[in-house]
Structure formats: C-alpha cells, structure tokens
Amino acid sequence: MHELKIAEELASVVIEAAKKENLSRVTEVNISFGELVQIVPDIFRFAFSETVRDTLAENANVNIEIIQVRMRCIDCGNDFRVTNNEFSCDSCGSADIDITEGRELFVKSIEGE
Amino acid sequence: MEIKIMKNILDRNQNKANEVRSLLASKKVIMVNIISSPGAGKTTLLECTLECLVKSFKIGVIEGDITTDRDARRLKRFGIPIVVINTGGGCHLDSHSISKVLAHFDLDDLDVIFVENVGNLICPSQFDLGETFKLAVVSVAEGDDKPEKYPMLFREARAVILNKTDLIAHTDFSNENFTSDLNKINSRIIRFDVSCTRGDGLRSWLEWISGQITGLSHI
C-alpha cells in the first residue's frame, strides 16, 4: 500500500500548487509513473480521492501515464527498452547500465478553475 | 487553466534523505536499510550479526514495525542503543521518521546503524531513507520468484541474504531459477546463502559487513 503514502504526498503538492495559483477547484491531475514503482492505478486513484476529500482537489480526475523501463548501456551507448526484467544490454550484454526511464513518480501538471 | 508542475512526487522524502545521508557521512556512520517480507528473518539475522559484531563496532539499531516493540525487545540483551518507530499501519519507513529518531543516537559514538524496515518488498524500496546501502533478505520458504516479482529492490540492493537454507529440502525452491533471475536483474549484487538458526554461511556475511563498516565508516 505505498499507493496511500504517495497519494498523500501528491495531494500536498497539488493543493499547494492550486493555492499558489488561486484556483478554487482542481479538475485534472496529470502524473507519470514508471513501471518499476509498481503502482496499481485503481488503488492509487482510490487512495488519492480519499486523501483529497473536503479539499479543493476533491473529485479531480487523476490521469496516469505509465512509463516503460528504458536503459542505456554505459559500455556501448545502446539505448533500449527492457523486457522480462533483463537488466543488461541487449546488444553487447554488459551489466553496466543506467536506468533512464521507468522509475518516475512525477506530477506533470494540474488543471482547474 | 493548466498549471505545469514537473516535480517528483516524493521530493520531500528525497530531500530529507539527502540531508540524512550528508549528516551520516559527516559523522562517518554507515546506515544499512534491511528490507524483506514479514518472516524472512531480519530480526534473527540482526541477532546473529550483533552477537558477533557488538564487541568490535559501535552499533545502533532502528526498528521499524507497524505496531509493538517485540523485535526491539529481542535485541535488548546486546545493550546497544535501539529506537523503535511504530508506523501505525504504514507499510514502510520514510526519511522524515529516520531523521527525527537520529536525534536519539550519539552519532559521534557510532560506526553503523542497522535499520530494520517494515516487512514488505515493494513499499520500502520506493522510499530512500538516506541509507548507505540497502540489504535485501529473502528466505527459501517464500519461493524462488521474489527477484522477478520485486525487481526494484533487487536492482537497488548492494547485497542479498538468502536465509533459511536449512529448509530447502522441504520446499520447491529452485536455486537455479533464483540465481538466474537475480543475475538478470543485478549481476553485481553480493549474495550470502545462510541459515540464521543453524549458523550456516554466516561467516562470509559477517566478514563482508565488517569490511563495509571499517571501509566506509573511516573514509
């Protein structure tokens, strides 16, 4: 249930930003999650809706973009998408790789009035 | 009206974790974040580890538990500073709770802090505590599929302990599957196969962790 804690953190970021921009209501929350963070979207939406009850973000839609895992090989520079948890270069086989995408827990924007 | 935010949701946790990491580095204290599912043997591993290291190093322990201080009571006999964090239902520790309890330790008089995270394989791996490294603990009784199911933890951990090897004959645990999945995810992870109840394999672990403490805490 890390969804709940992450939803609480998101709620505080959203409400703070909405107040700063003098919004009276937040209608959309646009976020990205990497595959590796293993968030279940329906549980997350439920947790968020409970967290923002009686706030200006109540009833906001949470739009979740799931980002697939990508890596870059430090040895040969190959940029590749990861399948089946193979965390090594699919070209030269090196285990020296950087995870470039797939660990995001990112708020892109909010919409409101 | 759309407002761009472009911010990591866990920024607050990350910033605090960075503060904790700097503080510990300045005090030359290493922190080991121990992560496993409930019942894999984190507390028993700590008991075996403290038994051997308590004479050589100055050790502190942070016990994360949803409720109760049962794990902390098991470690009381070692006479070292132990602080319990009850998460009250929360499934992981975070850097803010760690930062608060560090005030209970004399960091000038410590080499290492072992943090026993709440038993869970997903949530704790998302929350940086400011640790020096993560240690994953799994037991053969849980099955050989844990690395494949929870890749983030095994990707990020510096070392993994496979515990309860004395039970292997009574389970369908496949060492071959476990090894191959683990290598795919993190071929550099250091692995120790142990039985904490029988003592098998503990020597290599104790030598390695002693080397980590001496090597890192005196940089």
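Residues numbered from 1 in each chain as written. Chains lettered and ligands numbered in written order. Predicted model: local features only at pLDDT ≥ 70, side-chain atom pairs only at ≥ 80, totals over all residues.

Caption draft 1: The overall build of chain B, seen in detail. Regarding its fold elements, chain B presents eight helices and eight strands. The globule rule puts the C-alpha radius of gyration for 219 residues at 17 Å, and the 17 Å found for chain B is close to it. Counting only residues that meet the buried cut, chain B has 45% of its 219 residues in that class. If you take every contact in chain B between residues at least 6 apart in sequence, the share linking residues at least 24 apart comes to 77%. (Helix = DSSP H or I, 4+ residues; strand = E, 2+ residues; numbered from the N terminus. Rg over C-alpha atoms; globule rule 2.2 N^0.38 Å. Buried ≥ 20, exposed ≤ 12 C-beta atoms within 10 Å, placed from the backbone. Contact = placed C-beta atoms within 7 Å.)

Caption draft 2: Structural context of the sheet that holds strand 1 (residues 26-34) of chain A. An order of 2(A)-1(A)-6(A)-1(B) is seen for the four strands of this open sheet, with the pairing classed as mixed. The outermost strands of the open sheet, each flanked by one partner alone, are strand 2 (61-67) of chain A together with strand 1 (2-8) of chain B. For this sheet, the mean inter-axis angle between neighbouring strands, taken without regard to orientation, is 15°. Sheet topology places strand 1 of chain A next to strand 6 (residues 105-112) of chain A; seven bridges connect them, and they run antiparallel. The partner of Ser32 of chain A across the bridge, within strand 6 of chain A, is Phe106 of chain A. Of the strands in this sheet, strand 1 and strand 6 of chain A together with strand 1 of chain B are in contact with helix 1 (residues 2-20) of chain A, which crosses strand 6 of chain A at around 40°. (Pairing = 2+ DSSP bridges. Axes fitted to C-alpha atoms, helices over the stretch in contact; angles between N-to-C directions.)

Caption draft 3: Expanded view of the nonpolar core. Counting 84 residues, the largest nonpolar core has Leu10 and Val14 of chain A together with Val115 of chain B as the members making the most contacts within it. Tallying contributions element by element places helix 1 of chain A first for this core, with eight residues. Those residues in contact with Val115 of chain B that sit more than four places away from it in its chain are Met31, Val32, Asn33, Ile34, Ile62, Gly64, Leu93, Ile98, Leu129 and Glu131 of chain B. (Core = buried A, V, L, I, M, F, W, Y, C linked by C-beta atoms within 7 Å.)

Caption draft 4: Highlighting helix 1 of chain A. The end-to-end C-alpha separation of helix 1 of chain A is 27 Å, in line with the 27 Å expected for 19 residues at 1.5 Å each. Three or more residues of helix 1 of chain A are buried, namely His2, Glu3, Lys5, Ile6, Ala7, Glu9, Leu10, Ala11, Val13, Val14, Ala17 and Ala18 of chain A. Close packing links the buried residues of helix 1 of chain A with strand 1, helix 2 (41-51) and strand 6 of chain A together with strand 1 and helix 1 (11-26) of chain B. Downstream of helix 1 of chain A by a residue or two, Asn22 of chain A has a phi angle that is positive, lying close to 55°. (Expected span 1.5 Å × (residues − 1).)

Caption draft 5: Expanded view of the sheet that holds strand 4 (residues 79-81) of chain A. Residues and elements named next belong to chain A. Across the sheet, which stays open at both edges, the three strands sit in the order 4-3-5 with antiparallel pairing between neighbours. Bordering the open sheet on either side are strand 4 and strand 5 (97-101), each of which pairs with just one other strand. Across the sheet, the mean angle separating the axes of adjacent strands is 35° when strand polarity is ignored. Two elements, strand 3 (residues 70-73) and strand 4, share three bridges in a ladder whose sense is antiparallel. Bridged to Arg72 within strand 4 is Asp79.

Caption draft 6: Spotlight on unusual backbone geometry. Residues and elements named next belong to chain A. Positive phi outside glycine occurs at Asn22, with the angle close to 55°. The residue Asn22 is located in the loop between helix 1 and strand 1 in this model. Phi is positive for Asp54, which is not a glycine, with a value near 65°.

Caption draft 7: Structural view of helix 1 of chain B. Residue and element names in this part refer to chain B. Helix length check: helix 1, at 16 residues, gives a terminal C-alpha distance of 23 Å against a target of 22 Å (1.5 Å per residue), a fit within 8%. Buried within helix 1 are the following residues: Asn13, Lys16, Ala17, Val20 and Leu24. In a view along the axis of helix 1, the buried residues occupy a sector of 105°, so they form one face of it. The exposed residues of helix 1 that point more than 90 degrees off its buried face are Ser22 and Ser26. Contacts made by the buried residues of helix 1 are with strand 2 (30-36) and helix 4 (95-101). The positive-phi residue at the C-terminal boundary of helix 1 is Lys28, with phi of around 60°. (Arc of directions from axis to C-beta.)

Caption draft 8: A look at the pairing of strand 4 (residues 82-86) of chain B. All names here are of chain B. Here five bridges tie strand 3 (residues 59-65) to strand 4, and the two strands are oriented parallel to one another. Among the inter-strand pairings, Val61 is bridged to a residue of strand 4, identified as Ile82. In this fold, the crossover linking strand 3 to strand 4 by way of helix 3 (residues 70-75) has right-handed handedness. (Right-handed = clockwise from strand over helix to strand, strands pointing away.)

Caption draft 9: Structural context of the interface of chain A and chain B. Counting residues at the interface gives 26 residues for chain A and 26 residues for chain B. Broken down by secondary-structure element, the contributors of at least two residues to the side of chain A that touches chain B are helix 1 and strand 6 of chain A. Counting residues per element, the side of chain A that touches chain B draws most heavily on strand 6 of chain A, which supplies eight residues. Pairing analysis gives five bridges linking strand 6 of chain A to strand 1 of chain B, with the strands arranged antiparallel. Residue pairing across strands places Glu111 of chain A opposite Glu2 of chain B, the latter belonging to strand 1 of chain B.

Caption draft 10: Representation of the packing of helix 1 of chain A against helix 2 of chain A. Residue and element names in this part refer to chain A. At a minimum axis separation of 8 Å, helix 1 and helix 2 run at an interaxial angle of 50°. One way to sum up the angle between helix 1 and helix 2 is to call them oblique. Where helix 1 crosses over helix 2, the two elements pack in a sense that is right-handed. For the pair formed by helix 1 and helix 2, the contact residues are Glu3, Leu4, Ala7, Glu8, Leu10 and Ala11 on the first element and Ile43, Phe44, Ala47, Phe48 and Thr51 on the second. Its residues assigned to classes, the contact of helix 1 with helix 2 shows eight nonpolar, one polar and two charged. (Parallel < 35°, antiparallel > 145°, perpendicular 65-115°, else oblique. Left-handed = near helix turned anticlockwise from the far one by under 90°. Nonpolar A, V, L, I, M, F, W, Y, C, P; charged D, E, K, R; others polar.)

Any link to function would need more than the numbers given here.
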